[in-house]
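Listed below, chain by chain, are the residues.
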Amino acid sequence: MKDLPELITVEQAAAYLQVAPVTVYRMLDAGKLPAAKVGRMWRIRKTDVDKFIRRQTIKKECQPGDGQ
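How each quantity is defined
- Residues numbered from 1 in each chain as written.
- Predicted model: local features only at pLDDT ≥ 70, side-chain atom pairs only at ≥ 80, totals over all residues.
- Heavy atoms only, no water.
- Helix = DSSP H or I, 4+ residues; strand = E, 2+ residues; numbered from the N terminus.
- Contact = heavy atoms within 4.5 Å.
- Pairing = 2+ DSSP bridges.
- Buried < 20%, exposed > 50% of the residue type's maximum accessible area, 1.4 Å probe, protein only.
- Core = buried A, V, L, I, M, F, W, Y, C linked by side-chain atoms within 4.5 Å.
- Salt bridge = Lys/Arg side-chain N within 4 Å of Asp/Glu carboxyl O.

S.K.: Which parts of the structure should I look at to understand the environment of Trp 42?
M.R.: Residue placement: Trp 42 occurs in strand E3 (residues 41-45). Sequence separation of Trp 42 and Leu 7 is 35 residues, and the distance between their C-alpha atoms is 9.5 Å. Residue contacts for Trp 42: discarding those within four places in its chain leaves Ile 8, Thr 9, Val 10, Tyr 25, Leu 28, Ala 35, Ala 36 and Lys 37.

Below is the structure:
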């Protein structure tokens with residue numbers, strides 16, 4: 001989905017995250033995903049969605065004996 005515009009709709013964000021639109025609305029209500037409301041519609045920066053994904057990524061810490 002590299003061809004998404006800078007501002008995307010809830011439906012586009014949901015497709016990008018592979019979740020239901022209601023999940024995106026819940027993230028917006030909880031303040032987990034920044035967005036702007038234009039009239040009755042939400043607009044989300046794609047860069048904010050990418051930042052959200054990076055924040056949610058769990059990094060595995062190396063454990064002794066992992067061979068890493």
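Structure's up, so let's keep going.
S.K.: Where do I start with the sheet that holds strand E2 (residues 36-38) in this structure?
M.R.: Strands pair in a sheet through their backbones, by hydrogen bonds, and they do so in one of two ways: parallel or antiparallel. Spatial strand order, E1-E3-E2: 3 strands in an open sheet with antiparallel pairing. Two strands in the sheet have a free side with no partner beyond their single neighbour: strand E1 (7-8) and E2. Bridge analysis of E2 against E3 gives 3 bridges, and the strand direction is antiparallel. Bridge pairing in E3 places Lys 37 opposite Trp 42.

S.K.: Could you clarify how one ought to interpret unusual backbone geometry in this entry?
M.R.: Excluding glycine, a negative phi dihedral is what most residues carry, and trans is how most peptide bonds are arranged. Backbone geometry at Gln 18 places phi at a positive 60°, although glycine is not the residue there. Looking at where Gln 18 falls in the secondary structure, it is placed in the loop between helix H1 (10-17) and helix H2 (21-30). Residue classification places Gln 18 among the exposed residues on the basis of a relative accessible area of 72%.

S.K.: How should the nonpolar core be read in this particular structure?
M.R.: The tendency in soluble globular proteins is for nonpolar side chains to be buried side by side. Grouped together as the largest cluster of nonpolar side chains are 12 residues: Ile 8, Val 10, Ala 13, Ala 14, Leu 17, Val 24, Met 27, Leu 28, Leu 33, Ile 44, Val 49 and Phe 52. Secondary structure elements with two or more residues in this core: H1, H2 and helix H3 (46-56). No other element matches H1, which puts 4 residues into this core. When near neighbours in sequence (up to four residues on either side) are disregarded, Val 10 contacts Pro 21, Val 24, Tyr 25, Leu 28, Trp 42 and Ile 44.

S.K.: Just checking my understanding: could you explain the pattern of salt bridges for this structure?
M.R.: For side chains of opposite charge, pairing can occur when their charged atoms come near one another. One pass over the structure, following the stated rule, counts 2 salt bridges. Asp 48 is the salt-bridge partner of Arg 45, the closest N and O atoms lying 3.5 Å from each other. Judged by its relative accessible area of 8%, Asp 48 is buried. Between Asp 50 and Lys 46 there is a salt bridge; the shortest N-O distance is 3.1 Å. Taken as a pair, Asp 50 and Lys 46 lie in helix H3 at a separation of 4 residues, close to a single helical turn.

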